[in-house]
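Single-letter residue listing:
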Amino acid sequence: MRDTANIRVLVTGGAGFLGSHLCDRLLEEGHEVLCVDNFYTGTRRNVRHLIGQPEFELMRHDVTFPLYVEVDQIFNLACPASPIHYQHDPVQTTKTSVHGAINMLGLAKRVGATILQASTSEVYGDPEMHPQPESYWGHVNPIGPRSCYDEGKRCAETLFFDYYRQHQLAIKVARIFNTYGPRMHPNDGRVVSNFIVQALKNEPISIYGDGSQTRSFCYVKDLIEGLMRLMTSPGDFTGPVNLGNPDEFTIVQLAEQIIALTNSQSPINRMPLPADDPRQRKPDTTKAEAVLDWRASTPLADGLRHTIEYFDELLSTQPR
């Protein structure tokens, strides 16, 4: 038996935004980390500081193909998460969610590992219930341009719970709401990274629609803490559990705050609202607070300052 204080952990999508921060945290806890990524949206830059550490291993691999390794825990984070990236190749996006889940669940079953699925608030679609509790089944368009991601993640949840019921597999399912912070991709089209990059360049801030739609923004370190607590939660707690910040802001409020924090001269440019864009998104985190003793604690302004510093440094190194 391995010492549970020092275990071998597989992180799929480990060179991505969330995955790289999770690798950091796992190594800080003293675990061995196998970081797997196909580098479609993840980058070596995100984990460059970890290469050479004796407990860290980086492997190029696509989770749509089986993987044969020996691990104790699996965090399945592999899947492009921004509309620009997941809509570029929607068939591959669905394959990543569905085939990837099948392959990682098969691996977990073979080696007896606990497996955590990084699901998403997108399973709620354009919600008719606000805020969204885990009991809400969602309001999702199954044939729209976002469906490859939304329905792929919903199918992955189905697979996880079927493996739990049919094979008694130890599973955990996290529904992740909007998360931001350093190492976000500068061109991923997500609202926080978009606004910060545009503000730092004094370019027009692109707001889709009238900007009254709302989002809740969770700082990455808070989110990683939630994932760690979920993985080590009691065995009979599978989730799904919402992880996100319940503080709600309109898109206009976010833009104004970023403009102020960057001292930007950027004007606001209003554009047509994309298809199936949710009007509002806010997690009900009652379950996470009760079972995991977890709640996002980083104020938006503080998290934005750290994120702005990261993008300011990143842009300064790019050719103009």
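Residues numbered from 1 in each chain as written. Predicted model: local features only at pLDDT ≥ 70, side-chain atom pairs only at ≥ 80, totals over all residues. Heavy atoms only, no water.

### What about the side chain of S233?
Thinking step 1. Relative to the helices and strands, S233 is located in the loop between α6 (220-231) and β11 (241-243).
Thinking step 2. Residue S233 is classed as buried on the basis of its relative accessible area, which comes to 11%.
Thinking step 3. Only 2.6 Å separates the side chain of S233 from the backbone oxygen of L230, close enough to count as a polar contact.
Thinking step 4. With sequence-adjacent residues up to four places away left out, S233 is seen in contact with K172 and L292. (Helix = DSSP H or I, 4+ residues; strand = E, 2+ residues; numbered from the N terminus. Buried < 20%, exposed > 50% of the residue type's maximum accessible area, 1.4 Å probe, protein only. Polar contact = N/O pair within 3.5 Å; in protein donor to acceptor, adjacent residues only side chain to side chain. Contact = heavy atoms within 4.5 Å.)

### Some remarks on unusual backbone geometry
Thinking step 1. Going from H130 to P131, the amide bond is cis rather than trans, its omega being -10°.
Thinking step 2. Mapping P131 onto the fold places it in the loop between β5 (114-120) and α4 (147-167).
Thinking step 3. For the peptide bond that leads from G239 to P240, omega is 0°, which places it in the cis range.
Thinking step 4. For P240, the location among the structural elements is in the loop between α6 and β11.
Thinking step 5. At N202, a position not held by glycine, the phi torsion is positive, near 55°.
Thinking step 6. By the element assignment, N202 lies in the loop between α5 (191-200) and β8 (205-208).
Thinking step 7. N202 sits in the partly exposed class, given a relative accessible area of 43%.
Thinking step 8. Although it is not a glycine, N263 sits at a positive phi angle of roughly 50°.
Thinking step 9. For N263, the location among the structural elements is in the loop between α7 (251-262) and β13 (268-271).

### What to know about the packing of aromatic side chains
Geometrically, a pair of aromatic rings is defined through the distance of the ring centres and the angle of the planes.
Thinking step 1. With the rule as written, the count across this model stands at five aromatic pairs.
Thinking step 2. Aromatic side chains F161 and Y164 sit 6.4 Å apart centroid to centroid with 80° between the ring planes, which places their arrangement in the edge-to-face category. One end of the pair, F161, and the other, Y164, are both in helix α4, three residues apart, so they sit about a helical turn from each other.
Thinking step 3. Ring centres of Y310 and F311 lie 5.3 Å apart, and the angle between their planes is 75°; on these two criteria the pair is classed as edge-to-face.
Thinking step 4. The buried category is assigned to Y310, whose relative accessible area is 17%.
Thinking step 5. Look at F311 and you get buried, because its relative accessible area is 0%.
Thinking step 6. Counting every residue linked through ring pairs, the aromatic cluster contains Y124, Y136 and F177.
Thinking step 7. Against the face of F39 rests R44, its NZ or CZ located 4.3 Å from the ring centre. (Phe/Tyr/Trp six-rings, centres within 6.5 Å; stacked < 30°, edge-to-face > 60°. Lys NZ or Arg CZ within 6 Å of the ring centre and 35° of its normal.)

### Describing the layout of surface pockets
Thinking step 1. Of the volumes computed, that of the second largest pocket is approximately 260 Å³.
Thinking step 2. Along its surface, the second largest pocket is lined by V123, Y124, E134, Y136, W137, R154, E157, T158, F161, R175 and P240.
Thinking step 3. The element that contributes the greatest number of residues to the lining of the second largest pocket is α4, accounting for four residues.
Thinking step 4. Of the residues that constitute the lining of the second largest pocket, the class distribution is six nonpolar, one polar and four charged. (1 Å grid on protein atoms, 1.4 Å probe; cavity = no way out; pocket = protein on both sides within 12 Å on 5 of 7 lines; lining within 4 Å. Points joined across faces, edges and corners; volume = space filled by probe spheres on them. Nonpolar A, V, L, I, M, F, W, Y, C, P; charged D, E, K, R; others polar.)

### Notes on helix α3 (residues 90-111)
Thinking step 1. The end-to-end C-alpha distance of α3, which contains 22 residues, comes to 31 Å, matching closely the 32 Å that a straight helix rising 1.5 Å per residue would cover.
Thinking step 2. At T96, α3 is bent by approximately 25°, the largest bend along its length.
Thinking step 3. The complete set of buried residues in α3 reads T93, T96, S97, V98, G100, A101, N103, M104, L105, L107 and A108.
Thinking step 4. On the buried face of α3, the contacting elements are β1 (8-12), β4 (73-76), α2 (83-86), β5 and α4.
Thinking step 5. Looking at the residues trailing α3, positive phi occurs at G112, about 75°. (Expected span 1.5 Å × (residues − 1). Bend = angle between axes of the 7 residues up to and from the residue.)

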